[in-house]
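# Structure at a glance
For reference, the chains in residue letters:
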Amino acid sequence: MIDEHNLIDEIEVERYELFDAPNYNFHFDRRDFIKAFGLGIVFIVPATRVLAQQRGQGESGRGGPNQNLPKDIEAWIHIDEKGEVTAFTGKVEVGQNTRTTLTQSVADELHVPVSSVHLVMGDTDLTPFDLGTFGSRSTPTMVPQLRKAAAAAREMLIAMAAEQLNVAPGDLRIVDARFLNHDKSKTLTLAEVAKGRKLVKVIPDNIAITQPKDWTIAGTSVTKVDAKSYVSGKHRYTFDVKRDGMLYGKIVRPAAFNASLVSVDTKAAAAIPGVTVVTDGNFIGVTAPDQQTTIRAANAIAVDWKSPGQVSNKELFDVLRKPATNQRGGGGEGGGGGSRPQGSMADGLAAADKKLEQTYTVQYIAHAPLEPRAAVAEWNGDKLTVWTGSQRPFGVRTELAEAFHIPEDKVRVIVPDTGSGYGGKHTGECAVEAARLAKAAGKPVKLTWTREEEFTWAYFRPAGVIDIKSGVKNDGTLTAWEFHNYNSGGAGIQIKYDIPNNDIRFHASDSPLKQGSYRGLAATANHFARESHIDELAQLVGIDPLEFRLRNIKDDRLRAVLQAAANKFGWKPTPRVPPATTSGGVLSRLGGPTNLPVSDRGVGIACGFEKGGYVATCAEIAIEPPSDKEDKTNRRVRIVRVVEAFECGAIVNPRHLHNQIEGSIVMAIGGALFESIQFDDGKILNPHFAQYRVPRFSDLPKIEIVLVDRKDIASAGAGETPIVGLAPAIGNAIFIATGIRLRSLPMVPRGLTA
Amino acid sequence: MAKVTSLNVNGRKMTVDIDSSVSLLSVLRNDLDLTGSKYGCGEGQCGACTVLIDGVATRSCITQVGRVGGKQITTIEALEKDGKLHPLQEAFIAADAMQCAYCTSGMIMSASALLAKNAKPSRAEIITGMNGNICRCGTYERIVQAIQIASGQAKEVA
């Protein structure tokens, strides 16, 4: 097995995913556990060394006065008097099915049915501190932690049951939540062992967990936990939370980003019965007993904003090439995802038969989670409770504590299973706004962002510019690789190509828009640039792109997914295609001006590695006629078929993995072909689904997935990496079909030739 | 302002006191506590708020409550009867046709209207019929399969 500790050391937390370490953390002692959970047995899992380090240096303050408890606690499991098992984790469910993954892992280790395991997630008063649900970390870190707890619990419970039954512990095993001795003459239920107990046990560090080859419940396609409550409409998202006496809130937004308030007149709004108006610096909001009145009140506020001149899409890439003046956004030149240069670029280029320099760009895109940001805030005396859909409940707790100058133990953040995040819900702005309104109104307040607010006032996947300079020999050997990523990030920037001379850097920029995490983050941009460029090199030396990759990749896991995808796809060597050129606005191909034929098809391949997952994607595209409203010379790109092979170690739930990969491919279609945030002078110009097109049913290609199960390798997360291969595979396929090399994401926002 | 004083929701007459210009979605969610219908965009673009009005799939977020006073309104909450899920709901579970599931209510309501008009829709008809509903998690293929299962055209799903 690959040690997960080493894996954690290898993986750098992406700069955009981690802001500041928390400066205070709640602590528990044994009495707190007994008080919180009542009778039964609590098993506590100490945090691993590496995770403890990630959470901040020095004394964390966790653990409190009771020195018998570990300083950093990763998770705990409670077994109540009825034998029901509840595991507590600070991770949250945002559609990635972590609730199911963790539930089945605990059930697997404890030898109890899935139905008797419950998970309490993302509640800062009940669950251990957690940095957040991002970076595909839940499976590689939380699964082993909860498994350790469950394995230790199993052994301790067996010892207790053995004592009760007066048999040797070695004579007992747990089958389906029952203790059985060798001839089943003596049995006990989990409930009978837990009954009347009042125990808090810290699990030993050296406990062994069940290896994937011996899994019985993990490794199977357990149905989504709570599926019934979702399909029946009963599940309560934050949007659906109600509290007694609850008011609704609305924020009056500035006219543009970075605008300052010149004047505000709230008299007319304040005169509406039931309305409370709150102004506090640039913050202007209202509360009312119903949503309609909040809208009326907000519209009645006369407000004047002054906005500085701001960058638009047109200047974006020039701006991003300039070094950052504000270091908060990144680690500076060479920092973060880059690495020390290897060999010599000069030598590498000198050894090359062909050289290539190209630039690739990506626009900002929006997460557009279908549940926009929402929060319900309630003050009870000096204690604040907020329900909100966030991937960082403890981060939001810190934001709230800082915003209101109160200790963090006076703030409770509860995250109901959330209407998706994709990295877009790391921040707590909606929670802070709701809490500010609730404080003023003296009643609980629900604040739900509109779609336009979610598109405008959240944050975006970073835009970026990537420059690549490379050299290759005529036999296809890569000799030099220089890669500069401006702003979009360091995720997935490292290469699995065996290139002796390389220089790979990330450069922080001043982003004109607020930017943050996103599913896979910069791995999509970096893979798009790299895998497009690799294809260009393969074309340059006339070698089939699959063969070209295999000649330069030694990594067995990456080769395995490449071959698996190619086999399933039925990959056949692609022809050398003469690049199309444009002259006087007319697209020329094959030596003469031409309209692209409608029936053309192309195939493309791409591969990659990120966050412990290996992916290879093959795609087939078709060139199709324009819609009736478009110029007749325009051509559309339709994705006909996608085959993706993915390997992330031992598979915990094949069906859910399949679902995540499919979802990643579909989401990737948007960023690859048409999604792009348009902005000018501090305003978002397309903050609606009618203007910001996301993939729909009609965009769906035929998708085939090859799951590569490696039971000898610890499971990595799978919610992100399957997204990275699609864009370059499509770009490469478009080139084969047309001779047009598209180096900007999105590739065809208005069609191929528009 | 004109008022709406009663609504027929899920076969029951509900007494309300609402301005007729308010959105049906807001009334369902905030006044009747039927929160299964979701707000996704407020512009009729995503379908998360889909309900049936006299059997026709309708975007409740852009439907003024004053227009549906005398009509039969059916929401996701009506599909499960006596603890038994509707075949579409069962099919969505069988096909694992959800991730975050925020779109699921709207998907199921749109699908139920589609199947009411066309008991055995082809794949192309499903795609056309469902194209107004967004699943940002990208579970479209599974939703197509769920509709095929519910209409007796498919059984197993990978």
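Residues numbered from 1 in each chain as written. Chains lettered and ligands numbered in written order. Predicted model: local features only at pLDDT ≥ 70, side-chain atom pairs only at ≥ 80, totals over all residues.

## Description of the pairing of strand E21 (residues 501-507) of chain A
All names here are of chain A. With seven of seven residues buried, E21 lies mostly within the body of the structure. Pairing of strand E20 (residues 478-486) with E21 involves seven bridges; the strand directions are parallel. Considered in E21, the bridge of Asn485 is made with Phe506. (Buried ≥ 20, exposed ≤ 12 C-beta atoms within 10 Å, placed from the backbone. Helix = DSSP H or I, 4+ residues; strand = E, 2+ residues; numbered from the N terminus. Pairing = 2+ DSSP bridges.)

## Comments concerning the sheet that holds strand E5 (residues 72-74) of chain B
All names here are of chain B. One open sheet holds the five strands; their spatial order is E2-E1-E5-E3-E4, and the pairing between them is mixed. What marks the edges here is a single partner per strand, and that holds for strand E2 (12-19) and strand E4 (56-59). Between one strand axis and the next, the sheet turns through 40° on average, direction left out of account. Here strand E1 (residues 3-9) pairs with E2 via six bridges, running antiparallel. Each residue of the ladder has a partner; that of Leu7, found in E2, is Met14. (Axes fitted to C-alpha atoms, helices over the stretch in contact; angles between N-to-C directions.)

## Observations concerning the interface of chain A and chain B
Residue-level contacts link 48 residues of chain A with 44 residues of chain B. At the level of elements, helix H7 (227-231), helix H9 (291-299) and helix H18 (654-674) of chain A are the ones that each hand at least two residues to the side of chain A that touches chain B. The leading source of residues in the side of chain A that touches chain B is H18(A), at eight residues. Broken down by class, the residue content of the side of chain A that touches chain B amounts to 19 nonpolar, 18 polar and 11 charged. (Contact = placed C-beta atoms within 7 Å. Nonpolar A, V, L, I, M, F, W, Y, C, P; charged D, E, K, R; others polar.)

## A few points about the environment of A:Pro372
Residue and element names in this part refer to chain A. Here Pro372 lies in the loop between strand E14 (354-362) and strand E15 (374-380). According to the C-beta neighbour criterion, Pro372 is buried, with 26 such atoms within 10 Å. When the C-alpha atoms of Pro372 and Phe735 are compared, they prove to be 37 Å apart, with 363 residues separating the residues in sequence. In this structure Pro372 touches Thr448, Trp449, Thr450, Arg451, Glu453 and Glu454, once residues within four positions along its chain are discounted.

## Quick look at the domain arrangement of chain B
Residue and element names in this part refer to chain B. Parsing chain B into structural domains produces domain 1 (3-78) and domain 2 (87-150). Computed over C-alpha atoms, the centres of domain 1 and domain 2 are 21 Å apart. Contacts between domain 1 and domain 2 engage 15 residues on the former and 12 residues on the latter. Those elements that place two or more of their residues in the side of domain 1 that touches domain 2 are strand E3 (50-53) and E4. (Domains from an automatic or database assignment.)

## A short note on unusual backbone geometry
Residues and elements named next belong to chain A. In the segment running from Leu745 into Pro746, the intervening peptide bond is cis, with an omega of 0°. On the secondary structure map, Pro746 appears in the segment after strand E31 (744-745). We note that Ser420 has phi near 70°; this positive angle belongs to a residue other than glycine. Within the secondary structure layout, Ser420 lies in the loop between strand E17 (411-414) and helix H13 (429-441). One non-glycine residue, Lys611, adopts positive backbone phi at about 50°. With respect to the helices and strands, the residue Lys611 is situated in the loop between strand E25 (601-610) and strand E26 (613-624). Judged by the 25 C-beta atoms lying within 10 Å of it, Lys611 is buried.

## Digging into the sheet that holds strand E9 (residues 247-251) of chain A
Sheets are built from strands that pair by backbone hydrogen bonding, the pairs being arranged parallel or antiparallel. Residues and elements named next belong to chain A. Taken in spatial order, the seven strands line up as E11-E12-E9-E18-E15-E16-E17 in an open sheet, and their pairing is mixed. Unpaired on one side and paired on the other, strand E11 (276-280) and E17 mark the two borders of the sheet. Strand-to-strand twist of the sheet, defined as the mean angle between neighbouring strand axes without regard to direction, takes the value 20°. Note that E9 and strand E18 (residues 445-448) share two bridges and pair parallel. Within the sheet, the bridge partner assigned to Tyr248 lies in E18 and is Lys446. Against the sheet, helix H12 (residues 393-404) makes contact with strand E16 (383-388) and E17, and its axis sits at roughly 145° relative to E17, the strand it touches most. Most of the contacts of H13 go to E15, to which it runs at about 40°, and overall it touches E9, E11, strand E12 (283-288), E15, E16 and E18.

## Quick look at the nonpolar core
Residues and elements named next belong to chain A. Core analysis: the largest hydrophobic core is formed by 259 residues, its most contacted members being Ala149, Val386, Ala434, Val561, Leu726 and Ile730. Looking at this core, the element that brings in the most residues is helix H5 (residues 138-165), giving 12 residues. If we ignore the near neighbours within four places in the chain, the residues touching Ala149 are Phe43, Val45, Ala75, Trp76, Ile77 and Ile203. (Core = buried A, V, L, I, M, F, W, Y, C linked by C-beta atoms within 7 Å.)

## Some remarks on the domain arrangement of chain A
Residue and element names in this part refer to chain A. Segmentation of chain A into domains returns domain 1 (4-224), domain 2 (243-307 + 367-457) and domain 3 (322-364 + 461-745). Tallying the contact residues gives 19 residues for domain 1 and 20 residues for domain 2. Of the residues contributing to the side of domain 1 that touches domain 2, the split by class is seven nonpolar, six polar and six charged.

## A look at helix H4 (residues 98-110) of chain A
Residue and element names in this part refer to chain A. For H4, which comprises 13 residues, the first-to-last C-alpha distance of 18 Å matches the rise-based estimate of 18 Å (1.5 Å per residue) to within 8%. In terms of residue burial, H4 counts as a mostly covered element, since 13 of its 13 residues are buried. One or two steps after H4, the chain reaches His111, where phi turns positive at roughly 65°. (Expected span 1.5 Å × (residues − 1).)

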